[in-house]
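Reading the structure
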Amino acid sequence: MSYVRPKFRHPSLPTNKLGYTVDYYEGSLSTLCAGCGHDSISASVIQAAFELNIEPHRLAKLSGIGCSSKTPAYFLSHSHGFNSVHGRMPSVATGANLANKDLIYFGVSGDGDTASIGMGQFVHVIRRNLNMVYVVMNNGCYGLTKGQDSATADNGSKNKSGQVNPFESIDLASLAIELGATFVAQSFSGDKTQLIPLMKAAIKHPGFAFINVISPCVTFNNNVGSTKSYDYVREHVEATSTIDFVPQMTEITTSYGEGTTEKVKMHDGSFIQLNKLSKDWDPLDKRSAVNAIMSAKEKGEILTGLLYMNPDTQDLHQTINSSDTPLNMLHEKELCPGSTILKEINANFR
Amino acid sequence: MSLNTKSIEGQDGSVNQSGINNFVVRFANVNGTGSASANHLFTKAIFRMGIPVTPKNIFPSNIQGLPTWYEVRVSEKGYLGRREGIDLLVAVNPQSMQADVESVRSGGYLLYDSSKKLGQEFIREDINYIGVPLMNMCNENYTDPRQRQLFKNIIYVGALAALFNIDFKELENLLDEQFKGKEKLIPANIKALQLGENYIQKNFKFPLDLRVERRDILKDSILMDGNSACGIGAVYAGATVAAWYPITPSTSVVEAFMDYAATLRVDKTTGKRNVAIVQAEDELAAIGMVIGAGWNGARAFTATSGPGVSLMNEFLGLAYFAEIPAVLIDVQRTGPSTGMPTRTQQSDIMEAAYASHGDTKHILLFPSTPKECFDMTADSFDLAEELQTPIIIMTDLDLGMNDHVSQPLQWDDKRKYKRGKVLSAEDLEKIERFGRYHDVDNDGIPYRTYPGTHPTKGSYFTRGTSRDEYAVYTEDGNKYKQNMDRLMKKWETAKSLVHKPELYQEKNISENGVLFFGTSTYSVEEAMDDMKAQGISIDAIRITSFPFNKTVEDFIKSHKKVFVIEQNRDAQMKSLISIELQIDPNKLISVLNYDGLPITAHHIVQEITTNLFQNQKVK
């Protein structure tokens, strides 16, 4: 771990449409362990935001507590951030989103934060289809308290001290589909070529977008026998497809073999282009997505890529029919009914 | 059975001057039988006659089938606290009959359903019986079973109208209003009222010595429950986000907000709503949403009761430390644990004042009338944003769920929302470096920015962990301490912004004082009059907020003894005062009530006079 970020930047670093170079999207220096999978995920967030030409101040990053929840400090330093309490990021994100629907809400959580203490809030934020990205940096253990098993640790997985986990693991991706998440993806922190387009698509998705990223813990869960170690994950990752995110107004030039390519049109005119590697799976069909996850699991594989998506989705603001103007921008004129109406209200209580 | 007309004895055995506009009626009903609207009709008719009246629902934590009581006090003098001693009891619940018969004061009345002969065990020599064959009358006049049940209630209201001399026209008007749009229901209701009225007129001497006479005491007062007032206050204050989890007795706060927002917060051009109301999965999520919305620049609130406040503790600590505005309306009920969920108490004071782990203190407001519920709710949004911290409104079940005579709600159209220290994009342009936790004005209150304001300036990382003035994480003990000290400075600033206490005399004159707050106010005011009549004069102060400002401290210091009236077992307000003002607790004498029912003047007078008398003897 280095303590000082080198100031030197290549003079001809490419800029995006806003004129920013990628380093403008960086955050403060990570204090996570060297080699932590989470840092690769942060790097993917930076790249995705850069490539999508996001104005950092129009994105709010939120997290709970844990190693993963520290990461919003390590990307997008020009965005507002909120490191809340353990397992409760979804409610804070919900309130924030209700206040101003026009920002991008990027939530970061861990497997302890989501699958244990925060399970209740995770479940309900999905039900409401809040328009946000929800990334779980999933390492199967509690890193910050030194390696206890989490609820996503696989049954039979061995931890650093050699104990075998006797409990069933919670599969967050299939759970999210079950609960009605409208965008569910799975990835591996070591696979940026897959993770970056997934993040871009998730950001553009107008409802709840969930990405479960297997992100090995180098310090406490990278041992032989762990099903979330780098070696194990690399050997067992099975991608559903290769994925390209094609932004709005861009001509599609890539071509894939007949019958294996699927283009999913997004709400704003963007496309997700998938080169399917699995034949029986249809990303627009919940049932086939759940089947694909389950059969992969039976084979001991970790299925990655976009698993399920419903592009025609109605987010929480549409459900509650809230105003087009963000609620935090309304003033007395729109909000206060005034004294004349109060007199009528009084009259009804006489 | 004949009615006697002997003088009416008060609950303490003294003879009241008059039973005119001065009595207590209790209705003993079975919940879920439609009695609530009939009982409300009775109260409202008296209110419409210009006479101060206060109803209290004494109900079980149950939907259908258990005993429920509705107690109405009529008081020409405007005493609106609860009073012991039932002058007339309407007994229509066989299940509670024995206790109901016993609850009538000697010389009082029992109105019962005489369709069946009253058992010998219910006969007392010292009370008067008014038998009305309610069930038989219903069976004769109505065929529908539900109607038979519902109109039983209306018939006894008609009977009471004759007994108490209630203006029949007022009852008719109320029915007209109630069934506006469903006019065909009116004649059947009027008929039921008349059945009751006629029966009394034919069979009994009426009106009773207890009765009402039209007055013009109430002027433009309203009869409203505190929860509605809080809900309306939130609409007027510009609350745009409400997140909540149902819990008695706070549920109707958000329901009222929802009802009024449904019509008053609709964008006329788009039909969309200028409000977001979310029923959360639990209280933790409810307060989390409020904090997220407050951080992002919306006015947000939640309403809950004791168990909810317990669950919200962690988040309240975050909001205190991260300095995020939030409004929480705590409608207190009887604790601890599930306690008596449908009974009143003022027992969340310590919990709310110091909610969460670590060094935390929260601003509390104590309303005592519906008008104050409205005003304080509206003010709380200003305070929350000015002070960037949670504001907790400490109401209770009695104030929240019962109707109270109140001054009308008022709004000054020139009033502007006080949004606190928020930097705009233009402000940020002028600043070299924005420091979220910088005490620029030396009042402990830093400046904040809403997310999304400026492309390059003003963003910061909000957290519950220790940080420096620029919101950068630090474990430097000095930085942590400086920040905690600044929060104390903000607390001092708050003292000048929160509501001032109400003094009942211009100058402190007597040796002893009374200190109280919230719904005890009604009974304390009555108790002071009673004591005055006995020649005991006592200074009084009503606390309306925490932190306590100097007036509270001065009041206590300038009296030898201060009686602290509160509705909990542990004398929580007394503790809070002792801790915060470093006052000798021995100087503060507790008058407590914690049986789940509102405190009475009689109880207060007894406790205070006993104490004063004992001390005289010691001397």
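Residues numbered from 1 in each chain as written. Chains lettered and ligands numbered in written order. Predicted model: local features only at pLDDT ≥ 70, side-chain atom pairs only at ≥ 80, totals over all residues. Heavy atoms only, no water.

Another point: the overall build of chain A. Scanning chain A for helices and strands turns up twelve helices and 13 strands. For 350 residues, the compact-globule estimate of 2.2 N^0.38 gives 20 Å, and chain A sits close to it at 21 Å. Expressed as lengths along the three principal axes of its C-alpha atoms, the size of chain A is roughly 75 × 50 × 50 Å. In chain A, which comprises 350 residues, the proportion classed as buried is 57%. Taking the intrachain contacts of chain A between residues at least 6 apart in sequence as the baseline, contacts between residues at least 24 apart amount to 71%. Accessible surface, chain A: about 14,400 Å² in total, of which carbon and sulfur atoms supply 52%. Computed over 30 positive and 33 negative side-chain charges, the inter-centroid distance for chain A is 6 Å. (Helix = DSSP H or I, 4+ residues; strand = E, 2+ residues; numbered from the N terminus. Rg over C-alpha atoms; globule rule 2.2 N^0.38 Å. Buried < 20%, exposed > 50% of the residue type's maximum accessible area, 1.4 Å probe, protein only. Contact = heavy atoms within 4.5 Å. Areas by Shrake-Rupley, 256 points an atom, 1.4 Å probe, with all protein chains shown as cover. Lys, Arg positive; Asp, Glu negative; His and termini not counted. Charge placed at Lys NZ, Arg CZ, Asp CG, Glu CD.)

The next subject is the overall build of chain B. For chain B, the helix and strand inventory stands at 19 helices and 22 strands. Here the C-alpha atoms of chain B give a radius of gyration of 27 Å, agreeing with the 25 Å that 2.2 N^0.38 yields for 619 residues. By its C-alpha atoms, chain B is 90 × 75 × 40 Å across when sized along the principal axes. Taking all contacts inside chain B whose residues are at least 6 apart in sequence as the whole, residues at least 24 apart take part in 76%.

Here we come to the interface of chain B and chain A. At the junction of the two partners, chain B supplies 70 residues and chain A supplies 57 residues. Summing both partners gives a buried area of about 5,200 Å² for chain B against chain A, and 61% of it is carried by carbon and sulfur. The tally of links from chain B across to chain A stands at three salt bridges. Close ionic contact of B:E281 with A:R128 constitutes a salt bridge, the shortest N to O distance being 2.7 Å. Counting every contact that joins chain B to chain A gives 28 residue pairs in polar contact (both at pLDDT 80 or more). (Buried area = accessible area lost by both parts, 1.4 Å probe. Salt bridge = Lys/Arg side-chain N within 4 Å of Asp/Glu carboxyl O. Polar contact = N/O pair within 3.5 Å; in protein donor to acceptor, adjacent residues only side chain to side chain.)

Turning to the sheet that holds strand β19 (residues 539-543) of chain B, a few remarks are in order. Residue and element names in this part refer to chain B. Strands sit in the order β17-β19-β18-β21-β22 across an open sheet of five strands; the sheet is mixed. Edge strands, defined here as strands with exactly one partner in the open sheet, are β17 (502-503) and β22 (588-592). Examined bridge by bridge, strand β18 (residues 512-517) and strand β21 (residues 561-566) share four bridges and lie parallel to one another. Within β21, the position partnered with N512 by the bridge is K561. Against the sheet, helix α17 (residues 550-557) makes contact with β17, β18, β19, β21 and β22, and its axis sits at roughly 150° relative to β19, the strand it touches most. (Pairing = 2+ DSSP bridges. Axes fitted to C-alpha atoms, helices over the stretch in contact; angles between N-to-C directions.)

Counted under the stated rule, the structure contains 44 salt bridges over all chains. Two residues, A:D102 and A:K101, come together in a salt bridge whose shortest N-O distance is 3.2 Å. Between B:D554 and B:K550 there is a salt bridge; the shortest N-O distance is 3.1 Å. You can see B:D554 and its partner B:K550 sitting in helix α17, four residues apart, about one turn around the helix. A single salt-bridge network, built from bridges that share partners, covers B:R299, B:D379, B:D382, B:E385, B:R415, B:R419 and B:R448.

Now for the side chain of B:N313. On the secondary structure map, B:N313 appears in helix α10 (residues 306-322). Excluding its chain neighbours within four sequence positions, the residues that come into contact with B:N313 are B:E351, B:A355 and B:S356.

So, on to the packing of aromatic side chains. Under the criterion given, the structure shown has 28 aromatic pairs over all chains. Pairing A:F75 with A:F106 gives two aromatic rings, centres 5.9 Å apart and planes at 75°, and the pair type is edge-to-face. Remark: A:F106 occurs in strand β3 (residues 104-110) and A:F75 occurs in the loop between α2 (67-70) and β2 (80-83); sequence separation between them is 31 residues. The exposure classification of A:F75 matches that of A:F106, with both residues buried. Here the basic side chain of B:R433 rests over the ring of B:Y470, its NZ or CZ set 3.6 Å away from the ring centre. Over the ring of B:F321 we find B:R467; its NZ or CZ atom is 4.4 Å from the centre of that ring. (Phe/Tyr/Trp six-rings, centres within 6.5 Å; stacked < 30°, edge-to-face > 60°. Lys NZ or Arg CZ within 6 Å of the ring centre and 35° of its normal.)

Here we take up the sheet that holds strand β1 (residues 22-30) of chain B. Residues and elements named next belong to chain B. An order of β2-β3-β1-β4-β5-β6 is seen for the six strands of this open sheet, with the pairing classed as mixed. With one partner strand each, in any of the chains shown, β2 (53-58) and β6 (128-132) form the two edges of the open sheet. Direction aside, neighbouring strands of the sheet carry axes that sit 15° apart on average. Most of the contacts of helix α4 (residues 145-164) go to β1, to which it runs at about 165°, and overall it touches β1, β4 (86-91), β5 (104-113) and β6.

The next thing to look at is the nonpolar core. Grouped together as the largest cluster of nonpolar side chains are 247 residues, with contacts concentrated most on A:I272, B:F301 and B:M573. When residues of this core are assigned to their parent elements, the largest contribution, eleven residues, is made by α4(B). Contact partners of B:F301, with chain neighbours within four places excluded, come to B:A234, B:A239, B:V241, B:A242, B:A243, B:V253, B:V254, B:F257, B:V290, B:V327, B:I329 and B:F381. In this structure, B:V591, B:I599, B:V605 and B:L612 belong to the second largest nonpolar core, which totals 18 residues. (Core = buried A, V, L, I, M, F, W, Y, C linked by side-chain atoms within 4.5 Å.)

The next point concerns the confidence of the model for chain B. All names here are of chain B. Per-residue confidence for chain B gives a mean pLDDT of 94, with 96% of residues at or over 70. Every residue in residues 1-16 is under pLDDT 50, and counting partners more than four places away or in other chains gives 39 contacts. Among the scores for the predicted complex, ipTM is 0.94 and pTM is 0.95. (pLDDT = per-residue confidence, 0-100.)

As a further point, take the pairing of β6(B). Residues and elements named next belong to chain B. Most of β6 sits out of view: five of its five residues are buried. The pairing of β5 with β6 spans five bridges and is parallel. If you follow L110 over to β6, its bridge partner there is Y129.

All right, on to the pairing of strand β8 (residues 208-214) of chain A then. Residues and elements named next belong to chain A. In terms of burial, β8 is a largely internal element, seven of the seven residues being buried. Of the two faces of β8, the one lined by F208, F210, N212 and I214 and the one lined by A209, I211 and V213 are each fully buried. Two elements, strand β4 (residues 132-138) and β8, share seven bridges in a ladder whose sense is parallel. By the bridge assignment for β8, V135 is matched with I211.

This paragraph deals with helix α1 (residues 37-51) of chain A. An α-helical turn contains 3.6 residues, so any two residues separated by three or four positions project in the same direction. Residue and element names in this part refer to chain A. Here α1 is 15 residues long and its end C-alpha atoms lie 21 Å apart, about the 21 Å a rise of 1.5 Å per residue gives. In this fold, the buried residues of α1 make contact with α2, β3, β4, α7 (192-204), β8 and α8 (230-236). Remark: N53 follows α1 within two positions and exhibits a positive phi of approximately 55°. (Expected span 1.5 Å × (residues − 1).)

By secondary structure assignment, the location of A:N83 is in strand β2. Looking at A:N83, the relative accessible area reads 8%, which means it is buried. There is a polar contact of 3.2 Å between the side chain of A:N83 and the side chain of A:S63. A polar side-chain atom of A:N83 sits 2.5 Å from the main-chain carbonyl oxygen of A:G64. In contact with A:N83, not counting residues within four places along its chain, are A:S63, A:G64, A:I65, A:S69, B:L318, B:F461, B:T462, B:R463, B:G464 and B:T465.

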